[in-house]
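# Notes for the structure review
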Amino acid sequence: MGMASIKFPLKDPVCGMNVDPATAKYKYHLGDTDYYFCGQHCLDKFKANPSDYAQPVKAHGSCCHHEHTHATPAPVAESAGGKDVMYTCPMHPQIRQPKPGSCPICGMTLELEKVSLDAAPNPELTDMTRRFWIAAALSIPLLIINMGAHVSNALHGFMMNPASAWLQLILATPVVLWCGWPFFERFWQSIKHKSPNMFTLIGLGVGVAYLYSLIVTLAPQLLAGVTGSNNMPQIYFEPAAVITVLVLLGQVMELKARAQTGSAIRALLKLAPDTARKINADGSEQDIQLSQVQVGDVLRVRPGEKIPVDGVVLEGASSVDQSMITGEPMPVEKHADDKVTGATINGNGSFTMRTEKVGGDTLLAQIVNMVSQAQRSRAPIQRLADKVSGYFVPAVMLVAIITAIAWGIYGPEPRIGFAILNAVAVLIIACPCALGLATPMAIMAGTGRGAKAGVLIKNAEALETFEKVDTLIVDKTGTLTEGKPRLMNILPAEGFDESTVLSLAASLERGSEHPLAAAIVEGAEAKNVELGNATDFQSVTGKGVTGKVNGRSVALGNIALLESLDIQATGIKTQAEAYRAQGHTAMFLAIDGKAAAILTVADPIKETTIEAIKQLKADGLRIVMLTGDNKTTAMAVAKKVGIEEVEADVLPDQKNTAIRKLQEQGRKVAMAGDGINDAPALAQADVGIAMGTGADVAMESAGITLLHGDLMGIVRARRLSRATMRNIRQNLFFAFIYNALGVPVAAGVLYPYFGILLSPIIASAAMALSSVSVIVNSLCLRNVEL
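Residues numbered from 1 in each chain as written. Predicted model: local features only at pLDDT ≥ 70, side-chain atom pairs only at ≥ 80, totals over all residues. Heavy atoms only, no water.

This part takes up the overall build of the protein. Summing up its helical and strand segments, the protein has 29 helices and 28 strands in all. Within the protein, buried positions represent 52% of all 786 residues. Of the contacts formed within the protein by residues at least 6 apart in sequence, a portion of 66% connects residues at least 24 apart. Carbon and sulfur atoms make up 57% of the accessible area of the protein, which totals about 34,900 Å². (Helix = DSSP H or I, 4+ residues; strand = E, 2+ residues; numbered from the N terminus. Buried < 20%, exposed > 50% of the residue type's maximum accessible area, 1.4 Å probe, protein only. Contact = heavy atoms within 4.5 Å. Areas by Shrake-Rupley, 256 points an atom, 1.4 Å probe, with all protein chains shown as cover.)

Following this line, the structure appears as structure tokens:
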């Protein structure tokens, strides 16, 4: 199909970068499709092997070339079993296919592009878990036999018996050939696609150890004759089996972590109601499925219901909880001609609305889409190991081949025996056990230490990236502040006392469910003020409440309420402005037709916020406040906590855009928030940080969750990130130092000078030692000071 009509950004099919068709300099026409590229290098790669990259471009949500921006966002709810189901690789989004499998580039398990509410349990996780437990059960006897031979004469004697080799063969064969079969499939894919990765190392290490041991067991006389010895050569069933168990454990851990990435989207999908109340043309009403709602339909929204879709109020009035959009706890009054948003919660009133946006066009659907795309754009920490192994695997294979040839030509007799043993030693010492453990062990220990300190880490890449973060964006409500309004000040006018005005105000507000009313009632109860019964209670939309308490006329609300009652409040009005400048909400109380007091309510700043901001700034972080609250309140809070950069009145998509702009400037951005409205921004940020006291969706979208809900947790998370990444680098050093030292020795470079050879037994011990070093070093993280 032609591309002229497509306006949204596309993906470079080679590297996956966003490309704007309107401005792209590099373009290639193949078949009936135009492909766009970020540069000449990608265009050349595409021309050389178009079949590796070319996929038809579709002008809908499953388009393989665009990822971050859609012309029409995906529907809010979608079946996992639909005909458009596609699987993709988290590390290589250009890999897409209609069925499960593994990535031919990195070997990772593919995952669904689109998350749905009816997603079934991950069959890959179920299968890997079953294989792990079976492999572990069969490998334990192998460990007992081999390790026990070093301390028990009986087991040592048994190891010398040919029956030991057959028993180990029986135990190891199902572990390697059945439990580890998926790794051999991925090993073959890496060879087939000329893309060496971790599974190339695993396939080589396990395969060589097992096949060599199998030959020794089935035909010991063959190798005994080749090596010139009547003694049975050593077998390596135990390393082959144990490596398989450890790799399976790593796969189970990885799949469990990745399974959580769809939880945020499912939580968002659940926000939308299942049905809507439609008013037909003849005036009759009926409940219909949300998917049946069309633009222009008239709907009725009853008290306490979720608003079905985006639209405009026709008749009626109510207060609407829009915290999922703004993050602010205060309900917003809605009247005729006001806009309302799908999935927000109606208060006590009832109104009718006309539908303006449905399906993928609603704000909720756009938030779902932003979370989905931002999550998929992250790269796992294992990429470093895979990149290194891309050079390491061919090098080891080359060294093993050179070793066999050199010993076969120049070695002493029996040359063939020396060639086989030394080549096997090279491959065994290069076995990827420690390399496979280097990252998972550090992550396990680091996340465990973080949990003790109230810092929950969702995935490894969050720890990796947080070390490099230079900009921290914070929400106000629930992040810097407690997120719960409190009664702050009671300022009686002349002739009135504090106890009387608080008692009358709280007595009147007991009949209201407004958060400000709750703050006043809680404040009165905290001061043990006696409350009376309110009668003639009335809520004046957009202004406040009136009624009678103990026979006295009482009114509480904004200045407009007092003016509508012809009550003069000039004297206290100026006083109220001063408190607003401090971030307070000021309410006026009138008693018996006279201005009696000002009551101020505010969201208190958390006790640890100021110190945390100070430490984070000292650590070199640039701190920016993004909030949906008004500018006056936001600036007041920012001044108190020491933040210079503030952006107020910001909606969710604007937060997302602000983060993206910083990222385009080369900034590594972390976002801290607690509301549903923060979910897209948390997912878009390089690292999302959710307050444990906030919404579940925010926690699911974030890479880091702070259980205690205060910014000191970010200070601790920063220290944890640095300690863990330092530990991972040390582990990778331990994993490779034995190869760097052992491979040349195994190849025999010291033999001409010192007569030293590294037998496969010593190679296996070195491999085990490198694994022990990695494990012990990782466990040190349990005691790191945060």
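Turning to the packing of aromatic side chains, a few remarks are in order. Applying the stated criterion across every chain, the model contains 4 aromatic pairs. Taken together, a centroid distance of 5.0 Å and an interplanar angle of 65 degrees make the contact between Phe132 and Trp133 edge-to-face. With centroids separated by 5.7 Å and ring planes inclined at 65 degrees, the aromatic side chains of Tyr210 and Phe237 adopt a geometry described as edge-to-face. On the criterion of sequence distance, the pair formed by Tyr210 in helix α7 (residues 198–218) and Phe237 in helix α9 (residues 237–259) is long-range, its members being 27 residues apart. (Phe/Tyr/Trp six-rings, centres within 6.5 Å; stacked < 30°, edge-to-face > 60°.)

Reading across the sheet, the 7 strands line up as β16-β28-β27-β26-β17-β24-β25 and stay open at both edges, with mixed pairing between neighbours. If you trace the sheet from one side to the other, it starts and ends with β16 (455–457) and β25 (645–647), each paired once. Sheet twist, expressed as the mean angle between neighbouring strand axes with direction ignored, is 20 degrees. Two elements, β16 and strand β28 (residues 704–706), share 3 bridges in a ladder whose sense is antiparallel. Bridge pairing links Leu456 to Thr705 in β28. (Pairing = 2+ DSSP bridges. Axes fitted to C-alpha atoms, helices over the stretch in contact; angles between N-to-C directions.)

Time to look at the sheet that holds strand β6 (residues 96–97). An order of β6-β5-β7 is seen for the 3 strands of this open sheet, with the pairing classed as antiparallel. Strands at the two margins of the open sheet, each flanked by one partner only, are β6 and β7 (111–112). Note that strand β5 (residues 87–88) and β6 share 2 bridges and pair antiparallel. Note on β6: the bridge partner recorded for Thr88 is Arg96.

Attention now goes to the pattern of salt bridges. Applying the stated criterion to the full structure yields 19 salt bridges. One salt bridge in this structure joins Asp619 and Arg718, with 2.8 Å as the shortest N-O distance. Taken together, the residues span a long stretch of sequence, with Asp619 in the loop between α22 (609–618) and β24 (622–626) and Arg718 in helix α27 (residues 712–747) at a distance of 99 residues. Under the relative-accessibility criterion, Asp619 is labelled partly exposed at 27%. The exposure class assigned to Arg718 is buried, which follows from its relative accessible area of 6%. Salt bridges here are not isolated pairs; linked through shared partners, they connect Arg277, Glu285, Asp287, Arg300, Arg302 and Glu305. (Salt bridge = Lys/Arg side-chain N within 4 Å of Asp/Glu carboxyl O.)

Relative to the helices and strands, Asn348 is located in the loop between β14 (345–346) and β15 (350–357). In this structure Asn348 comes out as exposed when scored by relative accessible area, which is 57%. With 46 residues separating them in the primary sequence, Asn348 and Arg302 have C-alpha atoms 8.0 Å apart.

Another aspect to go through is the environment of Val313. Looking at the secondary structure, you find Val313 in strand β11 (residues 310–321). Its relative accessible area of 1% is what places Val313 among the buried residues. Sequence separation between Val313 and Arg354 is 41 residues; the distance between their C-alpha atoms is 6.5 Å. Apart from residues no more than four positions distant in its own chain, Val313 is found in contact with Lys334, His335, Ala336, Asp337, Asp338, Val340, Phe351, Thr352 and Met353.

Further remarks concern the nonpolar core. In terms of nonpolar packing, the biggest core is built from 62 residues, with Phe466, Leu472, Leu480, Ile643, Ile689, Ile704 and Ile714 touching the most fellow members. In terms of residue count, the dominant contributor to this core is α27 (14 residues). Ile714 has contacts with Phe466, Leu472, Leu616, Ala672, Ile689 and Leu706, leaving out every residue within four places of it along the chain. Phe132, Ala165, Cys179 and Val252 belong to the second-largest nonpolar core, a separate cluster that totals 34 residues. (Core = buried A, V, L, I, M, F, W, Y, C linked by side-chain atoms within 4.5 Å.)

Attention shifts here to the confidence of the model for the protein. Model confidence for the protein is summarised by a mean pLDDT of 76, while 74% of its residues fall at 70 or above. In the predicted structure, residues 1–8 sits below a pLDDT of 50 and forms 18 contacts with residues beyond four places in sequence or in another chain. Here residues 56–83 is a poorly scored stretch, pLDDT under 50, and it has 73 contacts once near neighbours within four places are set aside; other chains count. (pLDDT = per-residue confidence, 0-100.)

All right, on to the packing of α22 against α27 then. Closest axis-to-axis distance for the α22/α27 pair is 8 Å, and the angle between their directions is 30 degrees. Where α22 abuts α27, its residues Glu611, Ala612, Gln615 and Leu616 lie against Met712, Ile714, Val715 and Arg719. Here the residues of the contact of α22 with α27 are counted per class, giving 5 nonpolar, 1 polar and 2 charged. (Nonpolar A, V, L, I, M, F, W, Y, C, P; charged D, E, K, R; others polar.)

Before going further, it helps to spend a moment on α22. In an α-helix there are 3.6 residues to a turn, and that puts residues three or four apart on one side. Listing the buried residues of α22 in full gives Thr609, Ala612, Ile613 and Leu616. Along the axis of α22, the buried positions cluster into a sector of 100 degrees, meaning they face one direction only. Residues of α22 that are exposed and angled more than 90 degrees away from the buried face: Lys614 and Ala618. Those residues of α22 that are buried are in contact with β17 (471–474), α17 (476–480), β24, α23 (631–641) and α27. The first or second residue beyond α22 is Gly620, which carries a positive phi of 95 degrees. (Arc of directions from axis to C-beta.)

Within the element layout of this structure, Thr600 appears in strand β23 (residues 594–602). If we skip the residues at most four places from it in the chain, Thr600 touches Arg486, Leu487, Met488, Asn489, Tyr579, His584, Thr585 and Ala586.

Turning our attention to a nonpolar patch on the surface. Together, Ile401, Ile405, Ile409 and Tyr410 give the surface a local cluster of nonpolar side chains, amounting to about 470 Å² of exposed area. By secondary structure assignment, the location of Ile405 is in helix α13 (residues 383–410). On the basis of relative accessibility, which here comes to 49%, the residue Ile405 falls in the partly exposed class. (Patch = residues over 30% accessible without salt bridge, like charges linked within 9 Å, V, L, I, M, F, W, Y side chains within 5 Å.)

Here we come to α27. Along its 36 residues, α27 runs 53 Å from first to last C-alpha, staying within 8% of the 52 Å computed at 1.5 Å per residue. Along α27, the sharpest kink reaches roughly 25 degrees, centred on Leu741 and followed within four residues by the proline Pro744. At the C-terminal side of α27, Gly748 shows a positive phi close to 100 degrees. (Expected span 1.5 Å × (residues − 1). Bend = angle between axes of the 7 residues up to and from the residue.)

With a phi close to 60 degrees, Asp566 is a non-glycine residue in the positive phi region. The residue Asp566 is located in the loop between α20 (559–564) and α21 (570–580) in this model. Of note, Asp592 is a non-glycine position whose phi angle comes to about 50 degrees, a positive value. Take Asp592: it is sitting in the loop between β22 (585–591) and β23.

This part covers the environment of Ser553. Locating Ser553 in the fold gives a position in strand β21 (residues 552–557). Remark: the alpha-carbon pair of Ser553 and Thr535, spanning 18 residues in sequence, is separated by 9.6 Å. Look past the residues within four positions of Ser553 in its chain and what remains in contact with it is Gly547, Lys548, Ala590, Ile591 and Asp592.

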